[in-house]
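Take a look at the letters that make up each chain.
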Amino acid sequence: MTPDPDSEPYNIIPVHNLLADHPSLRFPEVRAAAASLRAVGNLRRPPYAQWRPHMDLLDWLALFFGFQYDNVRNQREHIVLHLANAQMRLSPPPDNIDTLDGGVLRKFRKKLLLNYTNWCSYLGKKSNIWISASSDHRRELLYVSLYLLIWGEAANLRFVPECLCYIFHNMAMELNKILEDYIDESTGQPVMPSVSGENAFLNCVVKPIYDTIRAEVEGSKNGTAPHSVWRNYDDINEYFWSKRCFDKLKWPVDVGSNFFVTNTKSKHVGKTGFVEQRSFWNLFRSFDKLWIMLLLFLQAAIIVAWEEREYPWQALQERQVQVKVLTVFFTWSGLRFLQSLLDVGMQYSLVSRETLGLGVRMVFKSIAAAGWIVVFGVFYGRIWSQRNLDKRWSPEADSRILKNSNKMAVGLLWLPVVLIYLMDMQIWYSIYSSFWGALVGLLAHLGEIRNIQQLRLRFQFFASAIQFNLMPEEQMLNARGTLRSKFNDAIHRLKLRRCAVIEAYDCVKHMILAIIKPNTEEHSIVTVLFQEIDHSIQIEKFTKTFKTAALPLLHAKLIKLSELLNKPKKDTNQVVNTLQALYEIAIRDFFKEKRSTEQLLEDGLALRDPSSAAGLLFENAVGLPDPSDGSFYRQVRRLHTILTSRDSMQNIPVNLEVRRRIAFFSNSLFMNIPHAPQVEKMMAFSVLTPYYSEEVLYSKEQLRTENEDGISTLYYLQTIYVDEWKNFMERMRREGIANDDEIWTTKLRELRLWASYRGQTLTRTVRGMMYYFRALKMLAFLDSASEMDIREGSQELGSMMRDIGLDGLTLEKSLSSRSLSRTSSCVNSLYKGHEVGTALMKYTYVVACQIYGTQKAKKDPHADEILYLMKTNEALRIAYVDEVSTGRDEKEYYSVLVKYDNQLEKEVEIYRIKLPGPLKLGEGKPENQNHAIIFTRGDAVQTIDMNQDNYFEEALKMRNLLEEFRRYYGIRKPTILGVREHVFTGSVSSLAWFMSAQETSFVTLGQRVLANPLKIRMHYGHPDVFDRFWFLTRGGISKASRVINISEDIFAGFNCTLRGGNVTHHEYIQVGKGRDVGFNQISMFEAKVASGNGEQVLSRDVYSGIEGSILGDDTSNRALGTVLNQQFIIQLGLFTALPMIVENSLEHGFLQAIWDFLTMQLQLSSVFYTFSMGTRTHYFGRTILHGGAKYRATGRGFVVQHKSFAENYRLYARSHFVKAIELGLILTVYAAYSPVAKDTFVYIAMTITSWFMVLSWFMAPFVFNPSGFDWLKTVDDFDDFMNWIWYRGSVFAKAEQSWERWWYEEQDHLRTTGVWGKLLEIILDLRFFFFQYGIVYQLGIADNSKSILVYLLSWIYVFLAFGIFIVIVYARVKYAAKDHIYYRLVQFLVIKLALLVIIALLEFTNFKFMDIFTSLLAFIPTGWGLILIAQVFRPLLQRTILWEVVVSVARLYDILFGGTSYIPDCYRKKEVQERFVIEGIDVVNRPQRL
């Protein structure tokens, strides 16, 4: 039963009731858009439903096609808002503003259905949009409404945009038949849609396809199955890229089609366009052009260098070298042939009976590549044949070269000369990007205002910049006026300044003469002094007579004098001293010409009889006016105000963040910014924030709970934000608290807000994003306000600006007691009423709180805090997924949108749209975004993470930014506007500063270069602004396929570029961004991103010709660069730091940039960056070979707690510690046996960077650990580590409790990898055997023999060691518990036997005692290699006794690795502890700030 429309809750505007008292309904455009939807006219009514008078075109579609009621309501408001906003932007406005303009509707229809039109064109199908010149607006509205209704109810199918095109294509045809009154031939009745009835579209169209996707995901085993055996979102979508979807799927959807088969291979439709095969060959296959270029340059460089000439061009002058360089064509054709073979090997599963053409194409591609090899071989052979025939490079041989290679080949001969030194792409790109990015930044006026001092210099132009950029053109035209008015204004300003100076001077003269007794000599002196000043002014020679440099001295003393006179108890002695000081300054410093005592007496400026003044001058001449003389003291207060007003302008804010924001905002106003339109004419936009279960608002317990060092979160914040805490407490005292402890009682909410605004909480994000709403209200008021309105509201405006200061303590005031009526002025005393309605139409903020319904049901405090945010922010909407139990093990799922109703004073549900099943089929975050995007509004949507922030002054520029969508960049308008980020966590710790510096150079200079001139910038993160309708028809703002799209953001950029979009970057506006601040948090984040990078390499997006765009991803792109460019660490450090130094120089000055860089080095930033490089390479390589990418929650909280060594070992053992030990062994062996290493200086010079890497990978987890210098914690950590190692526990033990559970989890990637992955893992593990091969020949027992038998015989010792270990393990298991004496006997015999063997070897062979220790360097790596290989064969070995031996030996190895990693740090900590104790510093109880 349809609810009563008049009683329905509404989202933004009550479209169902145009007579409601709502400020948005004052706009005629809203009424015009709503009226156009109600123009049903003579359309055939649905036969099986009751038609009501209030129904419109969307209801008509819903009754025919079976759309949900709330979906209709949602899209009704969506369409009305968009059409109304679009018509409001028309310039000039239409003649009849009460009627929807046809051009607005036509433009919207073309944009919304452009992807459908392109799809039809690609498939060679005729579009089912039947629009003619005589068509009315109603048909266009029906097409638009039909598509949006399909999209609004498609749920997970929104990720498959061409599937939606297929659905729309068929439903549009049915719509056309209804509109054209077709008759069904089978029934003789008017045509009806194939599916109709209640929820028919969801059940009959969406759910079958959804169930197929869900079955495929379930078959993926949570994403661990190979990508090639199951279909993800992209595979489903690509099925609709061919005409067979029409033949196989039909309409209505044939659920018997093999498209829906998921379990039978014979009928199953597999991947149709691309197969993601996990292989290291993807590094070549996906980036083949890059590799080919590098290999060809390398080959040419080797050929030239082989000739050993002083300069390359000298070698290239020889004909033989030129001919050898031609072999690059062999290499090119060979690499192309390899690439074609890889395509065949990885994409063969695409070939089926239906796609034979694809198989033929791959075969012909390989044949063509092989053909090039043959052609080049024939031509090259003929060249050498002619040369050998002539015995020299004869003219005939030369002619062979020129005939068989075109002019381009001749040019290629000289390319190596130019490009031989361009081999290192990383270094040269760093240099290029640094200086080109700096040049682009300079031309964009970045860094022109770096601080408050520079702002003062340009302050005279500040008002003009604000007027030019932030004031709409209509107001600017009115404000500019004529030349005459400008001239008059200038004269008027000069008059005001002159009057102020005259007033101040007269007040000073009156005040001083009034406090000196008349008829005294002092009074006469002062009178003469003022007469001289008056005379110099009268004859216009003041600056020639007096020094203006003395005015600041006089100014300071006059302020002091006025302050003394304003005090209730006036100290005459201090007044006398001040007058004396004024006199001394005036006589000695003020006059340009020095006057002697005689001249002063002659001019009347000194006492005639100095001896008569026993004390100070003025001592007996001061007579203060009576306190009842109100007129005099009012003038003194007025003078004090005049004198001190200039001082307040000179004050520089103490808070560094305030300075930064003022400087950036001021600088941005002088950059190239589009003109701002009026708020009514601006583009509407939304902000979308995905949220799961992160912190909303810090609780009292979270703030007060102390760690083991006695440090609480609140104390930590008080330490970091000293001045802000002082301001907060001052404000609380002003609001009535008597003592500081009351903040935990009466002001607890304010305290929690203060702390939450400095963390990475949802409260901070909501406050920041609601600045858009507040800014739009203020701008809407200013657009239409008169001077009288502004003057009357100035007091309220000032109060509002104080509320939204740096602390932003108070959120948007609750409007519960305020009417939204246009005629009411009680919204507040500043606004006139319409501003709220305008802001609501232009801005919507949706937070996708996925589990909010579950949180409410469980009484989770997070739910109450989210409700509080809704209550205090009028424009905030919460979208969540509601799970409703309908029976045993059955649930229904709904997308729900709620808001807080100020009149009802409770949360109300706006929309409830049923889903076909559980929301999460792919990655969680994009699925969460996808379900909530249907509730967004406007032309644009800004994607914001819940660890971001915004600033009021930046919100003022959002109108300008949205105007960029109307500009052309190249041949296209932008579809993604890149926005700059400011990392606000940089001040939290040194690690946070390192991350901030790295991020700042990446999100500014890096993005600047990628956007201009390279034109390859992608969407890398969440401040970017999307063209909303462009993306909602092309798969959404992110991709969600399980695992492959774990880095979901970058794929929106890939998708945009592949579909013909355009991405730009803009730096005149910024959004705040929080980053991980703790060492382990950062490492987990980088592990996630690097793993996501590994998955990207497998994806079709990268393979589809945008390999260069991978550089545009988040900080993860540097992981790829690390793998592909093996550089010395010094080179990496220097040239990676170069962009950071250049960018800091541009924005903060060169000296400040150098100082920051040196400071970072002293804080061991190089150790941190080197460690980070190891994290990225490890997880990137593992993902490439074996998969296993997953989301890693980092928490993003403040790090005030010491991390145990056991936890650090679990995180970094395989990625850093083991690799550091391996590299350390290599360097040790090199030092022991390499002839080059005999020279100490040469060895140090060659290996210092490698040793730096070893030390960094060992020490970083300890150096950057809170309380890392605490010796007691070091001891406790080691005990905890050993307990963890030996804890056996139960099968339910977690990795944090048991080493064995952790060890098995570390092998998970080997369980899911394929055969090739396991084979390559074994090949890589064989490297550990090289230690043994190299060292055994250096042992004395080898007797300098180089025979292979030496190496083979050395394996006897390996097997003997394992045999002895098996015996000991067996004895321990059998005898240790009951017959312990036998176990000891076995141990004794083993030791005795080992000693006998060693003695025998020493006696009868060349075995040396040092060979025992040397052999450890050989056999320990061999044992580790055997364990790693055994892990690969775990399925075979786990059922045998050998597996127990492997586990036991692996445990001993981890003890060895842990001890090796821990012992150096223990010594370092002990030394530091002793040094601190000597110096009298208690490091145990002293909090250590990172």
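What counts and what doesn't
- Residues numbered from 1 in each chain as written.
- Predicted model: local features only at pLDDT ≥ 70, side-chain atom pairs only at ≥ 80, totals over all residues.
- Heavy atoms only, no water.
- Helix = DSSP H or I, 4+ residues; strand = E, 2+ residues; numbered from the N terminus.
- Buried < 20%, exposed > 50% of the residue type's maximum accessible area, 1.4 Å probe, protein only.
- Contact = heavy atoms within 4.5 Å.
- Areas by Shrake-Rupley, 256 points an atom, 1.4 Å probe, with all protein chains shown as cover.
- Patch = residues over 30% accessible without salt bridge, like charges linked within 9 Å, V, L, I, M, F, W, Y side chains within 5 Å.
- Salt bridge = Lys/Arg side-chain N within 4 Å of Asp/Glu carboxyl O.
- Phe/Tyr/Trp six-rings, centres within 6.5 Å; stacked < 30°, edge-to-face > 60°.
- Lys NZ or Arg CZ within 6 Å of the ring centre and 35° of its normal.
- Polar contact = N/O pair within 3.5 Å; in protein donor to acceptor, adjacent residues only side chain to side chain.
- Lys, Arg positive; Asp, Glu negative; His and termini not counted.
- Charge placed at Lys NZ, Arg CZ, Asp CG, Glu CD.
- Core = buried A, V, L, I, M, F, W, Y, C linked by side-chain atoms within 4.5 Å.
- Axes fitted to C-alpha atoms, helices over the stretch in contact; angles between N-to-C directions.
- Parallel < 35°, antiparallel > 145°, perpendicular 65-115°, else oblique.
- Nonpolar A, V, L, I, M, F, W, Y, C, P; charged D, E, K, R; others polar.
- Pairing = 2+ DSSP bridges.

### Quick look at the overall build of the protein
Here comes step 1: Helix and strand content of the protein: 63 helices and 10 strands.
Here comes step 2: Per-residue burial for the protein yields a buried fraction of 53% across its 1490 residues.
Here comes step 3: Considering only residue pairs separated by 6 or more positions, the protein has 78% of its internal contacts joining residues 24 or more positions apart.
Here comes step 4: Of the roughly 68,500 Å² of accessible surface on the protein, a fraction of 59% belongs to carbon and sulfur atoms.

### Side note on a nonpolar patch on the surface
Here comes step 1: Residues Phe-1330, Tyr-1333, Ile-1348, Leu-1349, Leu-1352, Leu-1353, Ile-1356 and Tyr-1357 make up a contiguous nonpolar surface patch of roughly 840 Å² in combined accessible area.
Here comes step 2: Counting residues per element, the ones that place at least two in the nonpolar patch are helix H58 (1329-1335) and helix H59 (1348-1375).
Here comes step 3: At six residues, H59 tops the list of elements feeding residues into the nonpolar patch.
Here comes step 4: Within the secondary structure, Leu-1349 is located in helix H59.
Here comes step 5: When its relative accessible area of 53% is taken as the criterion, Leu-1349 is described as exposed.

### A word on the environment of Leu-1402
Here comes step 1: Its location among the elements puts Leu-1402 in helix H60 (residues 1380-1404).
Here comes step 2: Residue Leu-1402 is classed as partly exposed on the basis of its relative accessible area of 36%.
Here comes step 3: The spacing of Leu-1402 and Ile-1341 is 61 residues in sequence and 8.9 Å in space, taken between C-alpha atoms.
Here comes step 4: Once you skip the residues sitting within four places of it in the chain, Leu-1402 turns out to touch Phe-1407, Lys-1408 and Phe-1409.

### Thoughts on the packing of aromatic side chains
Here comes step 1: Taken as a whole, this structure holds 67 aromatic pairs when the rule is applied.
Here comes step 2: Among the aromatic side chains, those forming a connected cluster through ring pairs are Tyr-116, Trp-119, Tyr-147, Tyr-166, Phe-168, Tyr-239, Phe-240, Phe-246, Trp-251, Phe-259 and Phe-260.
Here comes step 3: Looking at Arg-595, its charged tip hangs above the ring of Phe-591, at a distance of 4.3 Å from the centre.
Here comes step 4: It is Arg-912 that lies over the ring of Tyr-894; its NZ or CZ is 5.1 Å from the centre.

### Overview of the side chain of Thr-1313
Here comes step 1: The residue Thr-1313 is located in the loop between helix H56 (1308-1312) and helix H57 (1315-1325) in this model.
Here comes step 2: Reaching out from Thr-1313, the side chain makes a polar contact with the backbone oxygen of Leu-1185 at a distance of 3.4 Å.
Here comes step 3: Residues contacting Thr-1313, with those up to four places away along its chain left out, are Leu-1185, His-1186 and Lys-1318.

### With respect to a positive patch on the surface
Here comes step 1: Taken together, the side chains of Lys-541, Lys-544, Lys-547, Lys-592 and Lys-594 define a basic patch exposed on the protein surface.
Here comes step 2: Here Lys-594 is to be found in the loop between helix H27 (572-590) and helix H28 (597-603).

### Considering the nonpolar core
Here comes step 1: Judged by nonpolar contacts, the single largest core of 180 residues is most densely connected at Leu-157, Ile-167 and Tyr-843.
Here comes step 2: Tallying contributions element by element places helix H35 (residues 762-784) first for this core, with 12 residues.
Here comes step 3: Excluding residues that lie within four positions of it along the chain, Leu-157 makes contacts with Cys-163, Leu-164, Ile-167, Val-206, Ile-209, Tyr-210 and Ile-213.

### So, the environment of Val-881
Here comes step 1: For Val-881, the location among the structural elements is in strand E3 (residues 876-887).
Here comes step 2: Residue classification places Val-881 among the buried residues on the basis of a relative accessible area of 8%.
Here comes step 3: Between the alpha carbons of Val-881 and Asn-928 there is a distance of 8.7 Å; along the sequence they are 47 residues apart.
Here comes step 4: Dropping the residues within four chain positions of it, Val-881 is found in contact with Gln-850, Tyr-893, Tyr-894, Leu-915, Leu-919 and His-931.

### Details of the packing of helix H51 (residues 1165-1186) against helix H52 (residues 1205-1233)
Here comes step 1: It is at 10 Å that the axes of H51 and H52 come closest, and there the two elements cross at 110°. By the angle between their axes, H51 is roughly perpendicular relative to H52. Residue-level contacts link Phe-1171, Gly-1174, Thr-1175, His-1178, Tyr-1179 and Arg-1182 of H51 to Leu-1211, Tyr-1212, Arg-1214, Ser-1215, His-1216 and Lys-1219 of H52.
Here comes step 2: Looking at the contact of H51 with H52 residue by residue, the classes come out as four nonpolar, five polar and three charged.

### Describing the sheet that holds strand E4 (residues 890-901)
Here comes step 1: Taken together, 10 strands build an open sheet; the order of strands is E5-E4-E3-E2-E1-E6-E9-E8-E10-E7 and the sheet is mixed. Here the strands that pair on one side only, and so sit at the sheet edges, are strand E5 (906-915) and strand E7 (948-949).
Here comes step 2: Where E7 and strand E10 (residues 1063-1073) come together, two bridges link them in antiparallel fashion. Directly across from Gln-948, in E10, lies its bridge partner Lys-1073.
Here comes step 3: Where helix H40 (residues 924-932) meets the sheet, it contacts strand E1 (685-691), strand E2 (843-849), E3, E4 and strand E6 (940-943), and its direction lies at approximately 140° from that of E1.

### Some points on unusual backbone geometry
Here comes step 1: Across the junction of Ser-91 and Pro-92, the peptide omega takes the value 0°, indicating a cis bond.
Here comes step 2: If you trace the backbone, Pro-92 turns up in the loop between helix H3 (69-88) and helix H4 (102-112).
Here comes step 3: Between Trp-251 and the following residue, Pro-252, the backbone shows a cis peptide bond with an omega angle of 0°.
Here comes step 4: Along the polypeptide, Pro-252 turns up in the loop between helix H10 (244-248) and helix H11 (282-285).
Here comes step 5: One non-glycine residue, Ala-155, lies in positive phi territory at about 55°.
Here comes step 6: Tracing the sequence through the fold places Ala-155 in the loop between helix H6 (137-153) and helix H7 (161-179).
Here comes step 7: What makes Ala-155 buried here is its relative accessible area of 5%.
Here comes step 8: The phi dihedral of Leu-1164 is positive, around 65°, even though this residue is not glycine.
Here comes step 9: Residue placement: Leu-1164 occurs in the loop between helix H50 (1150-1162) and H51.

### A closer look at the side chain of His-82
Here comes step 1: By secondary structure assignment, the location of His-82 is in helix H3.
Here comes step 2: Taking the relative accessible area as the measure of exposure, His-82 reaches 7% and is therefore buried.

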